Amino acid sequence: MAEELHVQLREERGKHNARRLRRRGQIPAVLYGHGQQTVTLSVPAEEMDGALRHGSRLVRLAGAVNEQAFIRDLQWDTWGTHVLHVDFTRVSEHEKVTVTVPIELRGEAPGIREGGVVKHLVHELEMEVEATSIPEKVYVNVNQLNLGGSIRVADLELPPGAKVFVEPETAVVECSLVVEQVIEEAPEAGAEPEVIGRKKEEAEEEEE
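Residue indices follow the written sequence of each chain, beginning from 1 at its first position. pLDDT decides what is reported in this predicted model: residues at 70 or higher carry local features, side-chain atom pairs at 80 or more are listed and counted, and totals for whole chains, interfaces and linings draw on all residues regardless. The side-chain values count all of the structure's non-hydrogen atoms but skip hydrogen atoms and water molecules.

Assigned secondary structure in the protein consists of three helices and 13 strands. We call a residue buried when its accessible area falls under 20% of the maximum for its residue type, exposed when it is over 50%, and partly exposed in between, using a 1.4 Å probe and counting protein chains only. Here the protein, with 208 residues, has 32% of them falling under the buried criterion. Computed with the Shrake-Rupley method and a 1.4 Å probe, the accessible areas treat only the protein chains shown as cover for residues. With an accessible surface of roughly 14100 Å², the protein has 47% of that area assigned to carbon and sulfur atoms. Only DSSP runs of H or I covering at least 4 residues are called helices, and only runs of E covering at least 2 are called strands; the numbering of each starts at the N terminus.

Here it is, written out as structure tokens:
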């Protein structure tokens, strides 16, 4: 179910007005798409933060406009902690959008008990999917992952009709043995390196 955001019309523009709006707990936003007029809006920062925490990309705008929208772009502050501006695009029920979805591992791989280590190789997945079917995350169950095994993109459970932009045989996670690195000891400080042929030269000098 899409998160509901209560939006208001925003008539005043400019950086000064945007800062004043943010001080009141509102975020400047725009809504566009489908050949319709672009609408300038404001959305409560608290509601927007909640939608992002839940991983929502599809939202229901209510108030000044009442329609379904996709969070197309976010502008963050320098520290990446507060949203400064939001771009919404209109979407229809079965319209497809391109999104990047995080991948999360779940469970415990039996291969760990066999001396292996789980390597998470792909952490997010770009896909084309219907706007109403955008997953919050792609969950990968590793409870059957044995030593030497792997889980590929082709093995993932994705929304019906989803199209991914990576080879199906790409390994997302694998369980392999830990490779120990042998570190060669450095020569002691002040130690004189051996010179090839030195002993032979010294012996020849002694004979002379």
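Strand order in the open sheet made by the four strands is S10-S7-S9-S12, with mixed pairing throughout. Edge positions in the sheet fall to strand S10 (138-141) and strand S12 (163-164), since each has one partner strand and no second. Bridge count between strand S9 (residues 124-130) and S12: two bridges; the pairing is antiparallel. When the bridges of S12 are listed, methionine 127 appears paired with valine 164. Between any two strands, at least two bridges found by DSSP are needed for them to pair.

This brings us to the nonpolar core. We call a set of buried Ala, Val, Leu, Ile, Met, Phe, Trp, Tyr and Cys residues a nonpolar core when their side-chain atoms join them within 4.5 Å. Counting 24 residues, the largest nonpolar core has Val99 and Val140 as the members making the most contacts within it. Of all the secondary-structure elements, those providing two or more residues to this core are strand S7 (96-106), S9, S10 and strand S13 (171-177). Residue contributions to this core peak at four residues, all from S7. Should any heavy atoms of two residues lie within 4.5 Å, those residues are considered in contact. When neighbours within four sequence positions are excluded, valine 140 is seen to be in contact with Ile103, Glu104, Leu105, Arg106, Ile151, Leu156, Val172 and Val173.

Another aspect to go through is the packing of aromatic side chains. To pair, rings of Phe, Tyr and Trp, with the six-membered ring standing in for Trp, must have centres within 6.5 Å; the planes then decide the type, stacked if under 30 degrees apart, edge-to-face if over 60, and tilted in the middle. Within the structure shown, the criterion is met by zero aromatic pairs. Charge-over-ring contacts are defined here by two conditions on Lys NZ or Arg CZ: a distance within 6 Å of the ring centre and an angle within 35 degrees of the ring normal. Stacked on the ring of tyrosine 139, the Lys or Arg arginine 106 has its end atom at 3.8 Å from the ring centre.

The subject of this paragraph is the pattern of salt bridges. Any carboxyl oxygen of Asp or Glu within 4 Å of a side-chain nitrogen of Lys or Arg constitutes a salt bridge here. By the definition in use, this model includes six salt bridges. Glutamate 104 is the salt-bridge partner of arginine 106, the closest N and O atoms lying 3.8 Å from each other. Assessed through its relative accessible area of 27%, glutamate 104 is described here as partly exposed. For glutamate 108, the salt bridge is made with arginine 113, and the minimal N-O distance between the two is 3.9 Å. Here the salt bridges do not stand alone but share partners, grouping Glu104, Arg106 and Lys137 into one network.

Let's shift gears to the sheet that holds strand S1 (residues 3-9). Each strand in a sheet pairs with its neighbour through backbone hydrogen bonds, running either in the same direction (parallel) or in the opposite one (antiparallel). What the six strands build is a closed barrel, ordered S1-S3-S2-S6-S5-S4; its pairing is mixed. Averaged over all pairs of adjacent strands, the angle between their axes in this sheet comes to 45 degrees, without regard to strand direction. Two elements, strand S2 (residues 26-33) and strand S3 (residues 36-44), share seven bridges in a ladder whose sense is antiparallel. Its bridge partner lying in S3, glutamine 26 is registered against proline 44. Lines fitted to C-alpha atoms define the axes, with helix axes restricted to the stretch in contact, and inter-axis angles between N-to-C directions lie between 0 and 180 degrees.

Moving on, we come to helix H1 (residues 15-23). Turning to H1, its buried residues number three or more, namely Asn17, Ala18 and Leu21. Within H1, the buried residues cover an arc of 100 degrees as seen down the axis, which keeps them to one side. Exposed and oriented more than 90 degrees from the buried face of H1 are Lys15 and Arg23. Each element contacted by the buried residues of H1 is listed here: S2 and S3. Two residues or fewer after H1 comes glycine 25, characterised by a positive phi angle close to 85 degrees. Note that the arc is defined by the directions from the helix axis to the C-beta atoms.

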